[in-house]
Amino acid sequence: MKQSEIWILGATGRVGRAVAARIVAAGTVPVLVGRDTDRLRKAAADLGLDADSKIVVASGADAMAAEITRQRPAVVVNTIGNYAESAVPLARACMPGGHYVDQANDPTAFHRLCALHDEAVAAGSTLVTGAGFGVVGTEAVVARLCENRPVPSRVRVDAVASAAVEEGLLGAALATGIVDTFATGGRRYEGGHLVKTRLGGEVHQLTLPDGEPMSSVGVPSGELIAAHRVSGAPSVSATSGLVPGSPAVRAALPLVSAILRIRAVRTFAINRMSGIKAKAAPRPRPHTWGHAVITWTDGTVREGWLRTGDAMDFTAAVAAQTALQLAEGKARPGAHTPSAALGTSLAITAGADFVDADLPRH
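First things first, this report covers the structure right here in the doc. (Residues numbered from 1 in each chain as written. Predicted model: local features only at pLDDT ≥ 70, side-chain atom pairs only at ≥ 80, totals over all residues. Heavy atoms only, no water.)

1. Regarding the overall build of the protein
Along the backbone of the protein there are 14 helices and 18 strands. By the compact-globule yardstick of 21 Å for 362 residues, the protein fits well, its C-alpha radius of gyration being 20 Å. Looking at the protein residue by residue over its 362 residues, the buried ones come to 52%. Within the protein, residue pairs in contact and separated by at least 24 positions form 73% of the contacts whose partners lie at least 6 positions apart. Total accessible area on the protein is roughly 15300 Å²; 54% of this is exposed by carbon and sulfur atoms. Of the side-chain charges in the protein, 36 are positive and 32 negative, and the distance between the mean point of each set is 5 Å. (Helix = DSSP H or I, 4+ residues; strand = E, 2+ residues; numbered from the N terminus. Rg over C-alpha atoms; globule rule 2.2 N^0.38 Å. Buried < 20%, exposed > 50% of the residue type's maximum accessible area, 1.4 Å probe, protein only. Contact = heavy atoms within 4.5 Å. Areas by Shrake-Rupley, 256 points an atom, 1.4 Å probe, with all protein chains shown as cover. Lys, Arg positive; Asp, Glu negative; His and termini not counted. Charge placed at Lys NZ, Arg CZ, Asp CG, Glu CD.)

Laid out in structure tokens, this is it:
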């Protein structure tokens, strides 16, 4: 195995470029992987890499998996999206011995990758899913609040992202993630089991630590799965500040979800959204926030926040730090969420800080 090689799949996309830049800044030269030679060479030049720096040209997850199997990189960072379909074949291609990272944030992708846990342990490989803001921004708060405490009875996490918009096409990766999130329908944990709920049925009015009011609406997400895994709580819910909290929007969400589960409609929606050209815009608020409220059976309640800047910048930093630490052998084999693999210090290293809401109360 070429222990020095960290491969960035989808290296010409926004997240891929940002992850590669962070890895270069840390003193490691990544291998850029994508479908277009000219765009890969331009991306390499923009990063200040030598003209003869290694790139790998491969189109699609299957071709990339074949190259991973053949060339055996130490770590693969998957930024190509559609994680429910791409994660498993790419992660399997890394085994034995190689490690895998993605930014998945939907329950289906999480469950499929986590199902490879025993296989990864036997292969001596570490697979990390959810290496981005939504998951780490809330999971790290839960892990910190639950440290050295018994298993709580109830957990709620809220992700309030703030990200600048980059001019250009929305792209298939992001469009697929948005469509599939809504198509999944509402989910939460009750009695330790993942159960269906009404999409958008849960809404909370938050006051951010800087005083700004926000609505946060229940949606299925990787944050939900990660919060359950890291806390062990039988009752877990997750909300997002990206979904409008108006009664009209929330009332329409179940119908939208049902329609998007029709295969032809899903394909049409992804294709249309992929072609949307976004205009550049600054992030809507100065900070991105992750929030958790933890309740124990004795009545103790703990609440905490994680604060960072641009959510996309934080996502790139988390993915890059995860890849670098995996390359150094700092995580145990198996399939894990980021904080479970590398601890809550990962969030700090990636540029966040914790804000305690209050002292434990009864």
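Next comes the rest of the account.
2. Regarding a nonpolar patch on the surface
Side chains of L255, I259 and I262 sit close together on the surface and give an oily, nonpolar patch of about 280 Å² of accessible area. Accessibility expressed as a relative area gives 57% for L255, which makes it exposed. (Patch = residues over 30% accessible without salt bridge, like charges linked within 9 Å, V, L, I, M, F, W, Y side chains within 5 Å. Salt bridge = Lys/Arg side-chain N within 4 Å of Asp/Glu carboxyl O.)

3. As for helix α2 (residues 37-46)
Within α2, the full set of buried residues consists of L40, A43 and A44. Taken around the axis of α2, the buried residues stretch over an arc of 100°, which confines them to a single face. Relative to its buried face, α2 has exposed residues pointing more than 90 degrees away, namely D38, K42, A45 and D46. One side-chain oxygen of the residue at the start of α2 lies 3.1 Å from the amide nitrogen of D38, identifying that residue as D36. (Arc of directions from axis to C-beta. Polar contact = N/O pair within 3.5 Å; in protein donor to acceptor, adjacent residues only side chain to side chain.)

4. What to know about the nonpolar core
By size, the foremost hydrophobic cluster in this structure holds 90 residues, and its most contacted members are V19, V77 and Y100. The greatest single-element share of this core, amounting to 10 residues, is contributed by helix α12 (residues 311-327). The contacts of Y100, once residues within four sequence positions are left out, are V76, N78, Y83, A87, L90, A91, C94, L113, T126, L127, V128 and L326. Counting residues in each nonpolar core, the second largest holds seven residues, with V160, M214, W305 and V355 among its members. (Core = buried A, V, L, I, M, F, W, Y, C linked by side-chain atoms within 4.5 Å.)

5. Comments concerning unusual backbone geometry
Residue P96 is reached from M95 by a cis peptide bond, and omega for that bond is 0°. Following the sequence through the fold, P96 ends up in the loop between α4 (83-94) and β5 (99-102). Phi at N148 takes a positive value of approximately 60°, unusual for a residue other than glycine. Checked against the element boundaries, N148 lands in the loop between α7 (133-146) and β7 (154-160). With relative accessibility at 78%, the residue N148 sits in the exposed group.

6. Let's talk about the side chain of S274
By secondary structure assignment, the location of S274 is in helix α11 (residues 263-274). The buried category is assigned to S274, whose relative accessible area is 14%. Only 2.6 Å separates the side chain of S274 from the backbone oxygen of I270, close enough to count as a polar contact. Sequence-distant contacts of S274, that is, excluding residues within four places in its chain, are made with L169, L170, G171, A172 and A175.

7. Looking at the packing of aromatic side chains
In total, this model carries two aromatic pairs according to the counting rule given. Pairing F133 with F314 gives two aromatic rings, centres 6.4 Å apart and planes at 70°, and the pair type is edge-to-face. Linking F133 in helix α7 with F314 in helix α12, this pair joins segments that are 181 residues apart in sequence. F133 gets classed as buried once you look at its relative accessible area, which sits at 5%. The exposure class assigned to F314 is buried, which follows from its relative accessible area of 1%. Ring geometry for W289 versus W305: centroids 5.8 Å apart, planes at 80°, classification edge-to-face. Of this pair, W289 sits in strand β15 (residues 288-295) while W305 sits in strand β16 (residues 301-308); the two residues are 16 residues apart in sequence, bridging distant segments of the chain. Both residues of the pair, W289 and W305, belong to the buried class. (Phe/Tyr/Trp six-rings, centres within 6.5 Å; stacked < 30°, edge-to-face > 60°.)

8. Observations regarding the pattern of salt bridges
Across all of its chains, the model carries 13 salt bridges by this definition. R188 is paired through a salt bridge with E202; the nearest N and O atoms lie 3.5 Å apart. On the criterion of sequence distance, the pair formed by R188 in strand β9 (residues 186-190) and E202 in the loop between β10 (193-197) and β11 (203-207) is long-range, its members being 14 residues apart. Residue R188 is classed as buried on the basis of its relative accessible area of 18%. When salt bridges that share partners are traced, they join R188, E190 and E202 into one network.

9. What about the packing of α4 against helix α5 (residues 107-114)?
The geometry of a pair of packed helices is captured by two quantities: the angle between their axes and the separation between those axes. Packing of α4 against α5 brings their axes to within 8 Å, and their N-to-C directions diverge by 20°. The orientation of α4 with respect to α5, classified from their angle, is roughly parallel. The crossing of α4 and α5 is right-handed. Contact with α4, carried on its side by Y83, A84, E85, A87, V88 and A91, involves T108, A109, R112 and L113 of α5 and no other residues of that element. (Axes fitted to C-alpha atoms, helices over the stretch in contact; angles between N-to-C directions. Parallel < 35°, antiparallel > 145°, perpendicular 65-115°, else oblique. Left-handed = near helix turned anticlockwise from the far one by under 90°.)

Read these as layout, nothing more, since geometry by itself doesn't imply function.
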